[in-house]
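The primary structure of each chain is shown beneath.
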Amino acid sequence: SAGIHQAQVNVSWLGGETRIPVTYTVQGQPRLQLLQSSVDWPQVPVNASSDRLLTFANIGNGSARVRLQRLPYPFAGEEREVVIPAAGSASVQIHCAPKTTGEWFGHGLFNTNSGLDAWASTQLQAADLGTVFNASLTCVSKKDPYLELERISGA
């Protein structure tokens, strides 16, 4: 089965014998699911930032790797690789940070090693070769609330 295992190798020769402890890994196949297909930011004030999480579940028995591609304005997120163990999950944070009022649409694209065989999924550039996941992004920004004082009366 997939995982890290330990064993002993018995070596014998004329006149002797020894046992050598070994640790080895059996790599399984990563299989990812993106738990949300879209993310909405309904009201983000201008010059503010609001965060959302996109969660991946690894339902395979090998280590999965996920890397967010660069996002269009006003969206942002960390473009680093996240490793998700077999039967584990991880979330990737995405921000909407508009500088003006408006409505924006975009796509969060995630490179992964999901769907590759056990050997290919361990290669250095494996996250560029597996399934690409897509989440649609929508952000609406508005001006900050304000009060306008028209007149003061009183004593």
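The notes below deal with the structure included here. All figures in this text were calculated on a predicted structure; none of them were measured in a lab.

The rules we used
Residues numbered from 1 in each chain as written. Predicted model: local features only at pLDDT ≥ 70, side-chain atom pairs only at ≥ 80, totals over all residues. Heavy atoms only, no water. Disulfide = S-S within 2.5 Å. Helix = DSSP H or I, 4+ residues; strand = E, 2+ residues; numbered from the N terminus. Buried < 20%, exposed > 50% of the residue type's maximum accessible area, 1.4 Å probe, protein only. Pairing = 2+ DSSP bridges. Axes fitted to C-alpha atoms, helices over the stretch in contact; angles between N-to-C directions.

Quick notes on the state of the cysteines
(1) Moving on: Going through the model one piece at a time under the given rule, you end up with 1 disulfide.
(2) Moving on: Here Cys96 engages in a disulfide with Cys139; their sulfurs sit 1.8 Å apart. On the sign convention where negative means left-handed, the S-S torsion of about -75° between Cys96 and Cys139 marks this disulfide as left-handed. Of this pair, Cys96 sits in strand β9 (residues 89-96) while Cys139 is found in strand β11 (residues 132-142), placing the two residues 43 residues apart along the sequence.
(3) Moving on: The class of Cys96 is buried, set by a relative accessible area of 0%.

A closer look at the sheet that holds strand β3 (residues 32-34)
Whenever strands of a sheet pair, they do so through backbone hydrogen bonds, lying parallel or antiparallel.
(1) Moving on: The sheet built from 4 strands is open, its strands ordered β3-β5-β9-β7 with antiparallel pairing. Of all the strands in the sheet, just β3 and β7 (75-77) have a single pairing partner and so form its edges. Strand-to-strand, the axes of this sheet are offset by a mean angle of 30°, without reference to chain direction.
(2) Moving on: Sheet topology places β3 next to strand β5 (residues 50-58); 3 bridges connect them, and they run antiparallel. Residue pairing in the sheet places Leu32 in a bridge with Asn58 of β5.

From the geometry alone we can't say anything about function, so treat these as descriptive.
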